Amino acid sequence: MLEQYKQRYIGKNIQFIFTDSEGVVQESDYAIFTIEKGAHITEAHLFFECISSVARATENEFLFNCVHLAIGEREYIVDIKMVKEETGILIVIFDLTEHYNEYQMVAQARNESIIRSELVAIKNKELEEREKFKDRFIQNFSHELRNPLTSILAMNNVLANTPLNPEQKQILDFLKESNNNLRLMLEDVLSLSMMSAGKLDLQNKLFGLARLFDLLRFTYEAKAKLKGISFTMELDGRMPSYVEGDRLRLYQVLTNLLDNAIKVTAQGKVQLKVSLNQKWANKVNLRFEVSDTGPGIAQENLTLIFDSFSRVENSTKIQGRGLGLTIVRGLLELMGSEIKVQSSEGKGSTFYFDISLKYPLRAVQEEKAQKKLKKGATTKKYAKKKGKYKLLLVEDDEVVQMALFKSLIDTQRFYIDLAEDGAEVLEMVINNEYDVVVLDAILPNISGDHITRLIRELPFKKVNKIPIIGITAHLFDNNVEKCRAAGMNDILIKPFEITTLLDAIDRHLR
Ligand code: ADP
């Protein structure tokens, strides 16, 4: 029974041919192709020309894999075995066309999928590299911008303190405003890049809401007045006095929204309303609303305005950077909140968000916080020593150095020595009794944090405690933390107003 079934399969795909040592066919079956007895095997296919070499070879058996034989209309893919026997050569042809085709298809699919996955990997790598490049570019670019901005700010101040006619004064004001816009833009781009790189961490500190609102009231009443509109604030009396959170970032969100509102409103009013949604034992949920009576936003633009650099057409007359709302959205996301907007064209808009903040459980803690704040405020009222101070200014950028030098010298409070190279600093500090050192964090040869560490390790008491105010344009790679850890007393980020530097110097003067 089995034999009967086996016959169906056996021999179907294998052909046996026996030739003499010259390749003349002695006998053949016809499983694959026909060839007559007495014909030369090359008449079936020229591949068999190799039979003469086989006959002469010293080995007895040869296997040829994956041979393509086009015979008649058909193409076979076969393995061919040639075995030298005493009286001639046995040729066994295995028809593996189906097998090889399938194999080829599988291999091709495999190759394609390898290529596809390699393409995806290449694309991912390219994207990654592009992101990295973008981040690096923004970092370096911002670094490059900070020095000229610092010089412009300082020079502006120097000029402002010289006798100027009204026109010159006005020009100077314009310059100052443009520089300020440029500085804000730089901060915006940096905030965005830090957010997208996941490098922006929120602070979680106790702060007084009243002080934050006072500052906003003071700033926006003045801005509104300038535009001839009104600014009002409506604050829920049930809010706790102190909350825990990132005061600066909350301030950044609110000022972005308020600046927009003031900017677009030609008449009417801008309002900041804060209400209490819910209060738990140690947590509140507050709603912040900024509304204006400006032109409103068309329905189709309501989602668009949150994209980077997007500005709505009718607003081209109004100056803007197109980043404010993107930053607002990003910051609120980090705070676990979401910015929403309601607007009707011609009537005005309301931007609002809800935010949960912890607050101290006991009133005592609030008192403590209040004391701490007060203390912080009074330390600012530092005692001023009579006479001039000796100051060492270390800055390698010539223009910044000159601008800072000029601004500091104009105060008539300092004798100033200058250094550009970190290597000189140590010697100068040891040989001169400076009251304060203003030190750029990135210098040729040696970094500011390294110099600071060396100064702090000096065995001379008068020298190793010297106040060091770091100034830096480089916010990345933990530069600020490194400087602080090395022992700098304060670190200012370029660009800064000269008054900020003077305040810092006064805070730490011996
Ligand atoms: P910028 O104000 O710097 O252009 P924003 O991201 O803050 O950038 O705002 C994007 C756009 O959204 C603005 O250009 C303006 O068209 C629109 N917009 C923002 N706030 C308001 C508002 N209160 N009323 C009307 N349009 C607004």
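No experiment lies behind these values; they were computed from the predicted model shown. Residue positions within a chain follow its written sequence, with the count starting from 1. Note on the predicted model: pLDDT of at least 70 is required for a residue's local features to be given, and 80 or more for side-chain atom pairs to be given and counted; whole-chain, interface and lining totals, by contrast, use all residues. Hydrogens and water molecules were not included; the side-chain quantities draw on all heavy atoms of the structure.

With that settled, the discussion passes to the environment of Ser349. Numbering goes from the N terminus for both helices and strands, where a helix is a DSSP run of H or I of at least four residues and a strand is a run of E of at least two. Considering the arrangement of structural elements, one finds Ser349 in strand E12 (residues 348-358). Sequence-wise, Ser349 and Lys125 are 224 residues apart; in three dimensions their C-alpha atoms are separated by 43 Å. Throughout, a contact is declared for two residues whenever any of their heavy atoms are within 4.5 Å. If we skip the residues at most four places from it in the chain, Ser349 touches Val290, Ser291, Asp292, Gly296, Ile297, Gln342 and Ser343. Pairs of N or O atoms are called polar contacts if they sit within 3.5 Å, as long as, within protein, a hydrogen donor faces a hydrogen acceptor (for residues adjacent in sequence, only side-chain-to-side-chain pairs). In terms of polar contacts, Ser349 uses its side chain to reach the side chain of Ser343, at 3.0 Å.

A few words now on the sheet that holds strand E13 (residues 389-394). Where strands meet in a sheet, backbone hydrogen bonds hold them as pairs that are either parallel or antiparallel. Strands pair, by our definition, only if DSSP identifies at least two bridges between them. The strand order E14-E13-E15-E16-E17 describes an open sheet built from five strands, whose pairing is parallel. What marks the edges here is a single partner per strand, and that holds for strand E14 (414-419) and strand E17 (490-493). Averaged over all pairs of adjacent strands, the angle between their axes in this sheet comes to 20°, without regard to strand direction. Here E13 runs beside strand E15 (residues 436-440); their pairing, made up of four bridges, is parallel. Across the sheet, the residue bridging to Leu392 is Val437, located in E15. Orientation is described by axes fitted as lines to C-alpha atoms, over the contacting stretch for helices, and by angles from 0 to 180 degrees between their N-to-C directions. Of the strands in this sheet, E13, E14 and strand E16 (468-472) touch helix H9 (residues 398-410), which is tilted by about 170° from E14. Its contacts with the sheet put helix H10 (residues 422-431) on E13, E14 and E15, and the angle it makes with E14 is roughly 145°.

One can describe the packing of helix H3 (residues 97-160) onto H9 by two numbers: an axis separation of 8 Å at closest approach and a directional angle of 30°. In this view, H3 runs roughly parallel relative to H9, as classed from their interaxial angle. As H3 runs across H9, the sense of the crossing is left-handed. Only Val399, Val400, Met402, Ala403, Leu404, Lys406, Ser407 and Asp410 of H9 make contact with H3, whose side of the interface consists of Asn147, Thr150, Ser151, Ala154, Met155 and Val158. Residues are grouped as follows: Ala, Val, Leu, Ile, Met, Phe, Trp, Tyr, Cys and Pro are nonpolar; Asp, Glu, Lys and Arg are charged; every other residue, Gly included, is polar. Partitioning the contact of H3 with H9 into residue classes produces eight nonpolar, four polar and two charged. An angle below 35 degrees is read as roughly parallel, one above 145 as roughly antiparallel, one from 65 to 115 as roughly perpendicular, and any other as oblique. Working rule for handedness: look at the near helix, and if it is turned counterclockwise from the far one by less than a right angle, call the crossing left-handed; if clockwise, right-handed.

UniProt positions are given in the numbering used here, feature names are shortened, and annotations may be inferred rather than shown by experiment. UniProt records the feature "modified residue: 4-aspartylphosphate" (unreviewed entry) for Asp440 in the present numbering. One can find Asp440 in strand E15. Those residues in contact with Asp440 that sit more than four places away from it in its chain are Val394, Glu395, Asp396, Gly448, Ile471, Thr472 and Lys494.

This part takes up the packing of aromatic side chains. Between the rings of Phe, Tyr and Trp (Trp by its six-membered ring), a pair exists once the centres lie within 6.5 Å; its type follows the angle of the planes, with under 30 degrees stacked, over 60 edge-to-face, and the other angles tilted. According to the stated counting rule, one finds eight aromatic pairs in the structure shown. Seen from their ring centres, Phe306 and Phe351 are 6.4 Å apart, and the 75° between their planes marks the pair as edge-to-face. One end of the pair, Phe306, is in the loop between strand E10 (283-292) and helix H7 (324-334); the other, Phe351, is in strand E12, and 45 residues separate them in sequence. Looking at Phe351, the relative accessible area reads 8%, which means it is buried. Note that Lys388 overlies the ring of Tyr415, its terminal NZ or CZ placed 5.1 Å from the centroid. It is Lys390 that lies over the ring of Tyr434; its NZ or CZ is 5.5 Å from the centre. Only protein chains enter the accessibility calculation, which uses a 1.4 Å probe. A residue is then buried if its area is under 20% of the maximum for its type, exposed if over 50%, and partly exposed in between. Two conditions define a charge located above a ring, namely a distance within 6 Å from the ring centre to NZ of Lys or CZ of Arg, and an angle within 35 degrees of the ring normal.

A few words on the sheet that holds strand E5 (residues 89-95). Strand order in the open sheet formed by five strands is E2-E1-E5-E4-E3, with antiparallel pairing between adjacent strands. Each having just a single partner strand, strand E2 (25-28) and strand E3 (61-71) make up the two edges of the open sheet. Pairs of neighbouring strands in the sheet enclose a mean axial angle of 25°, with direction left out of account. Of the strand pairs in this sheet, strand E1 (residues 14-19) and E5 are connected by six bridges, and their pairing is antiparallel. Pairing of Gln15 across the sheet is with Ile93, part of E5.

Attention now moves to the environment of Lys273. With respect to the helices, strands and loops of the structure, Lys273 is situated in strand E9 (residues 269-279). Judged by its relative accessible area of 27%, Lys273 is partly exposed. The spacing of Lys273 and Asp29 is 244 residues in sequence and 99 Å in space, taken between C-alpha atoms. Those residues in contact with Lys273, other than ones at most four positions away along the chain, are Glu234, Arg287, Phe288 and Glu289.

Our next topic: the pairing of E15. For E15, the buried fraction is high: five of the five residues fall into the buried class. Side-chain alternation along E15 places Val436, Val438 and Asp440 on one buried face and Val437 and Leu439 on a second face that is also buried. Across four bridges, the pairing between E15 and E16 is parallel. Across the sheet, the residue bridging to Val438 is Ile469, located in E16.

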